[in-house]
Amino acid sequence: DVDGVMTADPRIVPHAKQREKLSFAEAAELAFFGAKVLHPATMTPAIEADIPIRVLNSFRPDVPGTTVVARLSPGERGVKSIASKHGIAVVNVVAAPMLLQFGFLERVADVFARHEVVVDVIATSEVSLALTTEPADATGRLERVVAELSAFSAVTVLRDMALVSVVGEELSDSQRVQGTVLGTLAELGVKVEMLSYGATRKNLSVVLPEARLKETVAALHARL
(Lines give C-alpha, C1' and ligand atoms only; values in the text may rest on other atoms or scores of the structure.)
Protein backbone atom coordinates (compact mmCIF):
# COMPACT_ATOMS: atom_id res chain seq x y z
CA ASP A 1 0.00 0.00 0.00
CA VAL A 2 3.01 2.31 -0.46
CA ASP A 3 4.77 3.34 -3.67
CA GLY A 4 8.18 2.21 -2.48
CA VAL A 5 10.75 2.91 0.20
CA MET A 6 10.45 6.49 1.46
CA THR A 7 13.07 8.89 2.81
CA ALA A 8 11.21 8.86 6.14
CA ASP A 9 7.90 7.77 7.61
CA PRO A 10 5.36 9.97 5.76
CA ARG A 11 3.24 10.08 8.92
CA ILE A 12 6.11 12.03 10.51
CA VAL A 13 7.46 13.80 7.42
CA PRO A 14 4.51 14.42 5.06
CA HIS A 15 6.81 15.56 2.23
CA ALA A 16 9.03 12.45 2.40
CA LYS A 17 10.11 11.28 -1.04
CA GLN A 18 10.19 7.89 -2.67
CA ARG A 19 13.63 6.35 -3.19
CA GLU A 20 14.41 5.05 -6.67
CA LYS A 21 17.18 2.65 -5.71
CA LEU A 22 18.74 1.04 -2.61
CA SER A 23 21.54 -1.45 -2.05
CA PHE A 24 20.82 -4.81 -0.43
CA ALA A 25 22.78 -3.63 2.62
CA GLU A 26 20.74 -0.42 2.95
CA ALA A 27 17.46 -2.29 2.53
CA ALA A 28 18.44 -4.80 5.22
CA GLU A 29 19.32 -2.02 7.65
CA LEU A 30 16.05 -0.20 6.99
CA ALA A 31 14.03 -3.39 7.40
CA PHE A 32 15.66 -4.15 10.75
CA PHE A 33 15.30 -0.62 12.07
CA GLY A 34 11.63 -0.10 11.39
CA ALA A 35 10.78 0.15 7.68
CA LYS A 36 7.64 -2.00 7.56
CA VAL A 37 7.61 -2.25 3.76
CA LEU A 38 10.62 -4.60 3.85
CA HIS A 39 11.41 -7.75 5.82
CA PRO A 40 14.99 -9.13 5.97
CA ALA A 41 13.95 -12.78 5.65
CA THR A 42 12.02 -12.19 2.43
CA MET A 43 15.06 -10.55 0.80
CA THR A 44 17.61 -13.23 1.72
CA PRO A 45 17.02 -15.67 -1.20
CA ALA A 46 17.22 -12.85 -3.75
CA ILE A 47 20.33 -11.38 -2.12
CA GLU A 48 22.08 -14.77 -2.15
CA ALA A 49 21.26 -15.21 -5.85
CA ASP A 50 22.07 -11.57 -6.72
CA ILE A 51 18.55 -10.98 -8.05
CA PRO A 52 17.29 -7.37 -7.91
CA ILE A 53 14.11 -6.71 -5.90
CA ARG A 54 11.46 -4.18 -6.80
CA VAL A 55 9.13 -2.79 -4.13
CA LEU A 56 5.80 -1.88 -5.73
CA ASN A 57 2.36 -0.65 -4.72
CA SER A 58 -0.23 -3.26 -5.72
CA PHE A 59 -2.88 -0.52 -5.81
CA ARG A 60 -0.81 1.70 -8.14
CA PRO A 61 1.09 -0.63 -10.50
CA ASP A 62 1.99 2.24 -12.81
CA VAL A 63 4.36 3.71 -10.19
CA PRO A 64 7.93 2.39 -10.78
CA GLY A 65 8.60 1.77 -7.08
CA THR A 66 12.00 1.21 -5.47
CA THR A 67 14.63 -1.16 -6.86
CA VAL A 68 16.97 -3.00 -4.47
CA VAL A 69 20.27 -4.07 -6.04
CA ALA A 70 23.53 -5.64 -4.91
CA ARG A 71 25.77 -2.65 -5.66
CA LEU A 72 25.33 1.07 -6.19
CA SER A 73 27.29 3.40 -8.42
CA PRO A 74 29.44 6.06 -6.67
CA GLY A 75 26.80 8.73 -7.38
CA GLU A 76 24.07 6.69 -5.67
CA ARG A 77 25.78 6.24 -2.29
CA GLY A 78 23.96 8.99 -0.37
CA VAL A 79 21.75 8.94 2.72
CA LYS A 80 18.65 6.99 1.72
CA SER A 81 16.22 7.10 4.61
CA ILE A 82 15.59 7.80 8.27
CA ALA A 83 13.89 4.85 9.95
CA SER A 84 12.29 5.11 13.37
CA LYS A 85 10.73 2.96 16.07
CA HIS A 86 8.73 4.29 18.99
CA GLY A 87 7.70 2.74 22.29
CA ILE A 88 10.96 0.93 22.95
CA ALA A 89 12.62 0.25 26.30
CA VAL A 90 16.27 0.63 27.28
CA VAL A 91 17.68 -1.86 29.78
CA ASN A 92 20.81 -0.63 31.57
CA VAL A 93 22.94 -3.31 33.23
CA VAL A 94 25.73 -2.24 35.59
CA ALA A 95 28.03 -4.83 37.13
CA ALA A 96 31.41 -3.17 37.51
CA PRO A 97 33.31 -6.18 38.96
CA MET A 98 32.02 -8.50 36.23
CA LEU A 99 31.72 -6.52 33.01
CA LEU A 100 35.17 -7.32 31.65
CA GLN A 101 35.21 -10.85 33.02
CA PHE A 102 34.99 -13.85 30.73
CA GLY A 103 31.41 -14.88 29.98
CA PHE A 104 29.61 -11.80 31.32
CA LEU A 105 28.14 -10.72 27.97
CA GLU A 106 27.18 -14.31 27.25
CA ARG A 107 25.45 -14.55 30.61
CA VAL A 108 23.40 -11.40 29.96
CA ALA A 109 22.52 -12.52 26.42
CA ASP A 110 21.45 -15.93 27.70
CA VAL A 111 18.91 -14.33 30.05
CA PHE A 112 17.30 -12.44 27.17
CA ALA A 113 17.35 -15.52 24.92
CA ARG A 114 15.74 -17.85 27.46
CA HIS A 115 12.88 -15.43 28.00
CA GLU A 116 12.56 -14.83 24.24
CA VAL A 117 13.12 -11.09 24.46
CA VAL A 118 14.64 -9.70 21.25
CA VAL A 119 17.43 -7.11 21.54
CA ASP A 120 17.83 -4.42 18.85
CA VAL A 121 20.82 -2.25 19.77
CA ILE A 122 23.65 -2.82 22.25
CA ALA A 123 26.13 -0.28 23.63
CA THR A 124 28.83 -0.86 26.22
CA SER A 125 31.12 1.20 28.43
CA GLU A 126 33.74 0.27 30.99
CA VAL A 127 31.15 -0.41 33.69
CA SER A 128 27.80 -0.78 31.97
CA LEU A 129 25.85 -2.46 29.20
CA ALA A 130 22.76 -0.92 27.59
CA LEU A 131 20.29 -2.75 25.34
CA THR A 132 17.10 -1.73 23.55
CA THR A 133 14.10 -4.01 23.26
CA GLU A 134 10.35 -4.00 22.93
CA PRO A 135 8.50 -2.67 25.99
CA ALA A 136 6.87 -4.93 28.54
CA ASP A 137 3.93 -6.97 27.29
CA ALA A 138 1.11 -8.90 28.96
CA THR A 139 3.32 -11.98 29.39
CA GLY A 140 5.74 -10.11 31.66
CA ARG A 141 8.82 -11.38 29.84
CA LEU A 142 10.83 -8.18 30.24
CA GLU A 143 10.02 -8.08 33.96
CA ARG A 144 11.35 -11.63 34.33
CA VAL A 145 14.52 -10.67 32.45
CA VAL A 146 15.07 -7.71 34.79
CA ALA A 147 14.47 -9.86 37.86
CA GLU A 148 17.01 -12.47 36.74
CA LEU A 149 19.63 -9.90 35.74
CA SER A 150 19.20 -8.20 39.12
CA ALA A 151 20.60 -11.31 40.81
CA PHE A 152 24.11 -10.44 39.60
CA SER A 153 23.93 -6.77 38.49
CA ALA A 154 22.18 -3.44 39.01
CA VAL A 155 19.42 -3.05 36.42
CA THR A 156 17.30 -0.06 35.43
CA VAL A 157 14.71 0.22 32.66
CA LEU A 158 13.88 3.38 30.72
CA ARG A 159 10.54 3.28 28.95
CA ASP A 160 8.85 5.53 26.39
CA MET A 161 12.02 5.76 24.33
CA ALA A 162 12.44 5.86 20.54
CA LEU A 163 15.07 4.71 18.05
CA VAL A 164 16.07 6.88 15.09
CA SER A 165 18.33 5.33 12.43
CA VAL A 166 19.96 7.21 9.55
CA VAL A 167 20.74 4.72 6.78
CA GLY A 168 22.89 5.09 3.67
CA GLU A 169 26.07 3.91 2.00
CA GLU A 170 27.51 7.41 2.43
CA LEU A 171 28.04 6.81 6.13
CA SER A 172 30.95 4.50 5.33
CA ASP A 173 32.52 7.00 2.91
CA SER A 174 32.46 10.39 4.64
CA GLN A 175 32.06 12.18 7.94
CA ARG A 176 29.37 14.60 6.70
CA VAL A 177 26.43 12.53 7.89
CA GLN A 178 27.81 11.84 11.37
CA GLY A 179 28.58 15.51 11.90
CA THR A 180 25.15 16.60 10.68
CA VAL A 181 23.32 14.10 12.89
CA LEU A 182 25.20 15.01 16.05
CA GLY A 183 25.03 18.73 15.28
CA THR A 184 21.28 18.55 14.75
CA LEU A 185 20.73 16.72 18.03
CA ALA A 186 22.80 19.34 19.85
CA GLU A 187 20.91 22.17 18.16
CA LEU A 188 17.57 20.66 19.24
CA GLY A 189 18.83 20.00 22.76
CA VAL A 190 17.84 16.34 22.54
CA LYS A 191 19.20 14.11 25.28
CA VAL A 192 20.63 10.97 23.67
CA GLU A 193 20.39 7.83 25.78
CA MET A 194 22.37 5.56 23.42
CA LEU A 195 24.29 5.88 20.17
CA SER A 196 25.33 3.07 17.82
CA TYR A 197 27.35 3.19 14.61
CA GLY A 198 26.74 -0.28 13.16
CA ALA A 199 29.48 -2.67 12.07
CA THR A 200 28.34 -2.32 8.45
CA ARG A 201 29.06 1.45 8.71
CA LYS A 202 25.79 2.04 6.87
CA ASN A 203 23.58 3.12 9.76
CA LEU A 204 23.89 5.55 12.64
CA SER A 205 21.27 5.00 15.33
CA VAL A 206 20.37 7.08 18.36
CA VAL A 207 17.97 6.33 21.21
CA LEU A 208 16.11 9.33 22.60
CA PRO A 209 12.91 10.19 24.49
CA GLU A 210 9.83 9.27 22.46
CA ALA A 211 8.43 12.76 22.99
CA ARG A 212 11.29 14.16 20.85
CA LEU A 213 10.97 11.60 18.03
CA LYS A 214 8.90 13.52 15.50
CA GLU A 215 10.80 16.80 15.69
CA THR A 216 14.14 14.96 15.53
CA VAL A 217 13.20 12.93 12.44
CA ALA A 218 11.81 16.03 10.74
CA ALA A 219 14.93 18.07 11.46
CA LEU A 220 17.30 15.31 10.32
CA HIS A 221 15.26 14.81 7.16
CA ALA A 222 15.46 18.53 6.35
CA ARG A 223 19.23 18.65 6.85
CA LEU A 224 20.17 15.36 5.19
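From a predicted model like this one, the values you see are computed outputs, not experimental measurements. Counting of residues starts from 1 at the beginning of each chain's written sequence and follows it residue by residue. Whole-chain, interface and lining totals are the exception, using all residues; otherwise, since this is a predicted model, local features are given only for residues with pLDDT of at least 70 and side-chain atom pairs are given and counted only at 80 or more. Calculation of side-chain values draws on the structure's entire complement of heavy atoms; hydrogens and water are dropped beforehand.

### Some thoughts on the nonpolar core
The cut-off we apply is this: In this text, buried Ala, Val, Leu, Ile, Met, Phe, Trp, Tyr and Cys residues form a nonpolar core when linked through side-chain atoms within 4.5 Å. Remark: exposure states derive from per-residue accessible area (1.4 Å probe, protein chains only) relative to the maximum for the residue type, with buried under 20%, exposed over 50%, and partly exposed in between. Starting at the N terminus, helices and strands are each numbered in turn, a helix being any DSSP run of H or I of at least four residues and a strand any DSSP run of E of at least two. The contact criterion used is simple: two residues touch if any of their non-hydrogen atoms lie within 4.5 Å.
Core analysis: the biggest nonpolar cluster contains 23 residues, and L38 and V207 have the highest contact counts within it. If you list the elements that add at least two residues to this core, you get α1 (24-32), α2 (40-48), β2 (53-55), β4 (79-94) and β7 (154-168). The biggest single contributor to this core is α1, with four residues. With near-sequence residues (within four places) excluded, V207 lies in contact with I88, V90, T132, M161, A162, L163, K191, V192, E193 and M194. Formed by 20 residues, the second largest nonpolar core is a distinct cluster that contains I12, V79, V164 and V177.

### Observations concerning the layout of surface pockets
To find the voids left in a structure, one rolls a probe of water-molecule size over its atoms. Inclusion rule: Throughout, the protein atoms alone are placed on a 1 Å grid, and a set of points is a cavity if a 1.4 Å probe fits but cannot get out or a pocket if it is open with protein on both sides within 12 Å along at least five of seven lines; lining residues have an atom within 4 Å of a point. Grid points are joined across faces, edges and corners, and a volume is the space filled by probe spheres set on the points. Note on residue classes: Ala, Val, Leu, Ile, Met, Phe, Trp, Tyr, Cys and Pro are nonpolar, Asp, Glu, Lys and Arg are charged, and everything else, Gly too, is polar.
By volume, the second largest pocket is sized at about 170 Å³. Lining the second largest pocket are T7, H15, K17, Q18, R19, V79, K80, S81, I82, L220, H221 and L224. When residues of the lining of the second largest pocket are traced back to their parent elements, those giving at least two are β4 and α6 (213-223). No other element matches the four residues that β4 contributes to the lining of the second largest pocket. Of the residues assigned to the lining of the second largest pocket, the class counts are four nonpolar, five polar and three charged.

### Points about the pairing of strand β8 (residues 194-197)
Each regular strand displays side chains that alternate between the two surfaces of the sheet. Keep this limit in mind: Whether two strands pair depends on DSSP finding at least two bridges between them.
Side-chain alternation along β8 places M194 and S196 on a buried face and L195 and Y197 on a face that remains uncovered. With antiparallel pairing between neighbouring strands as the criterion, β8 and strand β9 (residues 203-209) make up a hairpin whose turn holds five residues, including R201 at a positive phi of roughly 60°.

### As for the sheet that holds β4
As a reminder of what qualifies: Angles here are taken between N-to-C directions and fall from 0 to 180 degrees, while the axes themselves are lines fitted to C-alpha atoms, restricted in helices to the stretch in contact.
The antiparallel open sheet is built from six strands, whose spatial order is β5-β6-β4-β7-β9-β8. Each edge of the sheet is formed by a strand with only one pairing partner; in this case those strands are β5 (119-124) and β8. Each strand of the sheet is rotated relative to its neighbour by a mean of 25°, with strand direction disregarded. Pairing analysis gives seven bridges linking β7 to β9, with the strands arranged antiparallel. From the neighbouring strand, V166 faces β9, where its bridge partner is L204. Here helix α4 (residues 141-149) sits on the sheet in contact with β4, β6 (128-133) and β7, set at roughly 120° to β7.

### Brief notes about the pattern of salt bridges
Inclusion rule: Each reported salt bridge corresponds to a side-chain nitrogen of Lys or Arg within 4 Å of a carboxyl oxygen of Asp or Glu.
With the rule as written, the count across this model stands at 15 salt bridges. Residue E215 pairs with R212 through a salt bridge whose shortest N-O separation is 2.4 Å. The exposure class of R212 is partly exposed, given its relative accessible area of 22%. One salt-bridge network, held together by shared partners, links R77, E169, D173 and K202.

### So, the confidence of the model for the protein
Where we set the bar: Per-residue confidence from the predictor is given as pLDDT, running between 0 and 100.
A residue-level look at the protein finds 96% of positions with pLDDT of 70 or above and a mean pLDDT of 88. The weakest mean pLDDT in the protein belongs to α2 at 82; the strongest belongs to α6 at 96.

### What to know about the packing of α1 against α2
Operational definition: Working definition: roughly parallel below 35 degrees, roughly antiparallel above 145 degrees, roughly perpendicular at 65 to 115 degrees, and oblique for all remaining angles. Helix crossings get a hand from a simple test, with the near helix turned counterclockwise from the far one by less than a right angle marking a left-handed crossing and a clockwise turn marking a right-handed one.
Viewed as axis vectors pointing N to C, α1 and α2 meet at an angle of 165°, and their least axial separation amounts to 10 Å. In terms of axis orientation, α1 runs roughly antiparallel to α2. Relative to α2, the crossing made by α1 is left-handed. Across the interface between the two elements, F24, A27, A28, A31 and F32 of α1 pack against P40, M43, A46 and I47 of α2. Grouping the amino acids of the contact of α1 with α2 by side-chain chemistry returns nine nonpolar, no polar and no charged.

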